[in-house]
Protein chains: 2
Amino acid sequence: MEKRFEISLLLDFYGELLTEKQRIIMDLYFNNDLSLSEIAEINNTSRQAIHDTIKRSDNALLVYEEKLKLLNKDHELKKTFDNIILELDELQNNIKDEKMNQLICDIKTQIIENV
Amino acid sequence: MEKRFEISLLLDFYGELLTEKQRIIMDLYFNNDLSLSEIAEINNTSRQAIHDTIKRSDNALLVYEEKLKLLNKDHELKKTFDNIILELDELQNNIKDEKMNQLICDIKTQIIENV
């Protein structure tokens, strides 16, 4: 996985465990694509200070993932549910009863809304 | 939810974020049902020290849940998938085709193994 993209995903999972300041800076850098200099200007600090905050936050996110593995578990769960959706499609293609077809639709919707 | 049971569940989700010492003491108290005095004796320390460690760890787990809400999300996901299993049962009761029935069985197994 591309590093920048991975950090952005880890922020979704563990952002709340960072300090507010760390979270805002990480969000500006990884989600809003601002440069270190631009973030430094907004925060009235040096480019180096922002660089250090990002590096520390980045390490914290990786440690959280090493311990809780939420991103990894989510990835595995999504693979399973992609497979289930394919199987439900196959069921739907083979079942002509309208009521049963509606039931399959409903199951698919619930899965898609939850993963 | 009963407090003791809730803490035991929170330990499953966030135990890795505690220190090793905290995790061992919490496990002895909440999962193995040892008394404060028994845990104090094993750790060669006072009953009060164990009490303080449990209180601190307990608070840490509640703060993690307040921030990440993994227990809450897991509970919601389980409710959804309990409902999906019921709907798959209904499908199975209405579909006589053996191959399709096997497919439904397979979907149910994947869901049960993942939640």
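Residues numbered from 1 in each chain as written. Chains lettered and ligands numbered in written order. Predicted model: local features only at pLDDT ≥ 70, side-chain atom pairs only at ≥ 80, totals over all residues. Heavy atoms only, no water.

## A word on the overall build of chain A
Across its full length, chain A holds six helices and zero strands. Counted from the first residue to the last, chain A has its helices and strands arranged as α-α-α-α-α-α. Relative to a compact globule of 115 residues, whose C-alpha radius of gyration would be 13 Å, chain A shows 21 Å and is clearly more extended. With respect to the three principal axes, the spread of C-alpha positions in chain A is 65 × 30 × 25 Å. Going through the 115 residues of chain A one by one, you find that 40% of them count as buried. Of the contacts made within chain A by residues no fewer than 6 positions apart, 51% connect residues no fewer than 24 positions apart. Total accessible area on chain A is roughly 6,900 Å²; 48% of this is exposed by carbon and sulfur atoms. Positive and negative side-chain charges in chain A, numbering 15 and 23 respectively, have mean positions lying 6 Å apart. (Helix = DSSP H or I, 4+ residues; strand = E, 2+ residues; numbered from the N terminus. Rg over C-alpha atoms; globule rule 2.2 N^0.38 Å. Buried < 20%, exposed > 50% of the residue type's maximum accessible area, 1.4 Å probe, protein only. Contact = heavy atoms within 4.5 Å. Areas by Shrake-Rupley, 256 points an atom, 1.4 Å probe, with all protein chains shown as cover. Lys, Arg positive; Asp, Glu negative; His and termini not counted. Charge placed at Lys NZ, Arg CZ, Asp CG, Glu CD.)

## Considerations on the side chain of glutamate 65 of chain B
Residue and element names in this part refer to chain B. Tracing the backbone through its elements, the reader meets glutamate 65 in helix α4 (residues 47-68). No salt bridge is formed by the buried glutamate 65; the nearest opposite charge belongs to lysine 69, separated by 7.4 Å. For glutamate 65, the side chain forms a polar contact with the main-chain nitrogen of asparagine 72, separated by 3.0 Å. For glutamate 65, the contacting residues outside a window of four places in its chain are Leu10, Tyr14, Leu70, Leu71 and Asn72. (Salt bridge = Lys/Arg side-chain N within 4 Å of Asp/Glu carboxyl O. Polar contact = N/O pair within 3.5 Å; in protein donor to acceptor, adjacent residues only side chain to side chain.)

## Considering the layout of surface pockets
It is a probe the size of a water molecule, rolled over the atoms, that shows where empty space is left. In this structure, the largest pocket encloses a volume near 870 Å³. Leu70, Lys73 and Leu77 of chain A together with Leu70 and Asp74 of chain B are, among the 28 residues lining the largest pocket, the residues nearest its centre. Secondary structure elements with two or more residues in the lining of the largest pocket: α1 (3-14), α4 (47-68) and α5 (70-94) of chain A together with α1 (3-14), α4 and α5 (70-94) of chain B. Looking at which element gives the most residues to the lining of the largest pocket, the answer is α5 of chain A, with six residues. In terms of residue class, the lining of the largest pocket is made up of 11 nonpolar, three polar and 14 charged. (1 Å grid on protein atoms, 1.4 Å probe; cavity = no way out; pocket = protein on both sides within 12 Å on 5 of 7 lines; lining within 4 Å. Points joined across faces, edges and corners; volume = space filled by probe spheres on them. Nonpolar A, V, L, I, M, F, W, Y, C, P; charged D, E, K, R; others polar.)

## With respect to the domain arrangement of chain A
Each domain of chain A was delimited in the assignment, giving domain 1 (3-68) and domain 2 (74-114). The C-alpha centroid of domain 2 of chain A is placed 37 Å from the C-alpha centroid of domain 1 of chain A. (Domains from an automatic or database assignment.)

## Brief notes about the interface of chain B and chain A
Often, the extent of an interface is quoted as the loss of accessible area upon association of its parts. Each partner contributes residues to the interface: chain B has 28 residues there, and chain A has 28 residues. Counting the surface lost from both chain B and chain A, the interface buries some 2,500 Å², and carbon and sulfur atoms represent 73% of this. Inspection of the region where chain B meets chain A yields zero salt bridges. Counting only elements with at least two residues in the side of chain B that touches chain A, the list comes to α1, α4, α5 and α6 (98-114) of chain B. The biggest single contributor to the side of chain B that touches chain A is α5 of chain B, with 11 residues. Residue composition of the side of chain B that touches chain A, by class: 17 nonpolar, five polar and six charged. (Buried area = accessible area lost by both parts, 1.4 Å probe.)

## Brief notes about the relation of the copies chain B and chain A
At an RMSD of 0.0 Å, chain B and chain A line up after a rotation of 180° and a shift of 0.0 Å along the axis. In symmetry terms, the pair is related by a two-fold rotation axis. Relative to the rotation axis, the C-alpha of isoleucine 95 of chain B is the closest in chain B, positioned 4.2 Å from it. An overlap of 100% is found between the interface residues of chain B and their copies at the interface of chain A, pointing to a shared contact surface. (Least-squares fit on C-alpha atoms with pLDDT ≥ 70 in both.)

## Some words on the packing of aromatic side chains
By the definition in use, this model includes seven aromatic pairs over all chains. Ring centres of tyrosine 14 of chain B and tyrosine 64 of chain B lie 5.8 Å apart, and the angle between their planes is 25°; this geometry places the pair in the stacked category. You can see tyrosine 14 of chain B sitting in helix α1 and its partner tyrosine 64 of chain B sitting in helix α4, a full 50 residues away along the chain. For tyrosine 14 of chain B, a relative accessible area of 0% translates into the label buried. Taken together, a centroid distance of 5.0 Å and an interplanar angle of 90° make the contact between tyrosine 29 of chain B and phenylalanine 30 of chain B edge-to-face. Owing to a relative accessible area of 12%, phenylalanine 30 of chain B belongs among the buried residues under this scheme. The ring of tyrosine 29 of chain A is capped by arginine 4 of chain A, whose NZ or CZ atom sits 4.8 Å from the centre of that ring. (Phe/Tyr/Trp six-rings, centres within 6.5 Å; stacked < 30°, edge-to-face > 60°. Lys NZ or Arg CZ within 6 Å of the ring centre and 35° of its normal.)

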